[in-house]
Amino acid sequence: MANAYLVVRIKGQADCPYWATHTMTLLKLDKKYRATILPIKENTLGMLRKVQHYVSWIELDASLAKELIDKKARKGGYQKITPEDLKELGFASSDELGTALAEGKATLSKLKPLKPWFALSPPRLGFKRSTKKLYGNKGILGQNKELDAIVRRMI
């Protein structure tokens, strides 16, 4: 079982109430199509449920974490990370960092030169379901079992 969530902000800033904007700022989801990796805790799940009409999340597996790190991880100046940067953080490779993030042993916000989020693009071929409804109501918001396929199209 995974010990981390991959959270993606689906909706933008327009008509977003203050409490939702504040919660998403705490989750490091400032803009539309930003993604972050959060360790599983009680307060994390409570925050996600509070803003479930704006974000989508899934339990993270190591392969998707590695793919995100390889293609979308950035440091200051929006530069790609290098193997030397990973060695400074104490990880031998992106595989090792991906498994540490997926198991909840490391968090993006504590790995200082790295940005605490991934900037994704809109999914190729669009969303197959509604972006205005929860996953249980034929939408993509909330806890979404198919989010990994959507994120792979957004990378």
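Residues numbered from 1 in each chain as written. Predicted model: local features only at pLDDT ≥ 70, side-chain atom pairs only at ≥ 80, totals over all residues. Heavy atoms only, no water.

Quick note on the threshold: UniProt positions are given in the numbering used here, feature names are shortened, and annotations may be inferred rather than shown by experiment.
As recorded by an unreviewed UniProt entry, the protein chain carries the name 50S ribosomal protein L30 and is attributed to Nitrosopumilus ureiphilus. Under the Sequence similarities (unreviewed entry) heading, UniProt states for the protein chain: "Belongs to the universal ribosomal protein uL30 family."

## Focus on unusual backbone geometry
Just so we agree on the cut-off: Only DSSP runs of H or I covering at least 4 residues are called helices, and only runs of E covering at least 2 are called strands; the numbering of each starts at the N terminus.
Non-glycine residue Asp15 carries a positive phi angle of around 60°. Along the polypeptide, Asp15 turns up in the loop between β1 (4–9) and α1 (18–26).

## Quick word on the layout of surface pockets
Going by this rule: Cavity means a closed set of points on a 1 Å grid over the protein atoms alone, one where a 1.4 Å probe fits but cannot get out, pocket means an open set with protein on both sides within 12 Å along at least 5 of 7 lines, and lining means a residue has an atom within 4 Å of a point. Grid points are joined across faces, edges and corners, and a volume is the space filled by probe spheres set on the points. Here the term charged refers only to Asp, Glu, Lys and Arg, the term nonpolar to Ala, Val, Leu, Ile, Met, Phe, Trp, Tyr, Cys and Pro, and the term polar to all other amino acids, Gly among them.
Estimated volume of the largest pocket: approximately 320 Å³. Lining of the largest pocket is provided by 16 residues; of these, Leu26, Leu27, Leu38, Pro39 and Ser109 occupy positions nearest its centre. Among the elements of the structure, β2 (34–39) and α2 (42–50) are those that each provide at least two residues to the lining of the largest pocket. Ranked by residue count, the leading element in the lining of the largest pocket is β2, at four residues. When grouped by side-chain class, the residues that make up the lining of the largest pocket number eight nonpolar, five polar and three charged.

## Examining the packing of helix α3 (residues 62–72) against helix α5 (residues 94–102)
For clarity, the threshold we go by: A fitted line through C-alpha atoms represents every axis, and for helices the fit uses only the stretch in contact; the resulting angles, taken between N-to-C directions, go from 0 to 180 degrees. Any angle that is under 35 degrees is reported as roughly parallel, and any over 145 degrees as roughly antiparallel; angles of 65 to 115 degrees are reported as roughly perpendicular and all others as oblique. Handedness of a helix crossing follows the sense of rotation of the near helix relative to the far helix, less than a right angle counterclockwise being left-handed and clockwise being right-handed. Contacts are residue-level and defined by heavy atoms, with any inter-residue pair within 4.5 Å sufficient.
One can describe the packing of α3 onto α5 by two numbers: an axis separation of 8 Å at closest approach and a directional angle of 125°. The angle between α3 and α5 places the two elements in the oblique class. The crossing of α3 and α5 is right-handed. Contacts from Ala62, Ala65, Lys66, Ile69 and Asp70 of α3 reach α5 at Ser94, Asp95, Leu97, Gly98, Thr99, Leu101 and Ala102. Classifying every residue of the contact of α3 with α5 by side-chain character gives six nonpolar, three polar and three charged.

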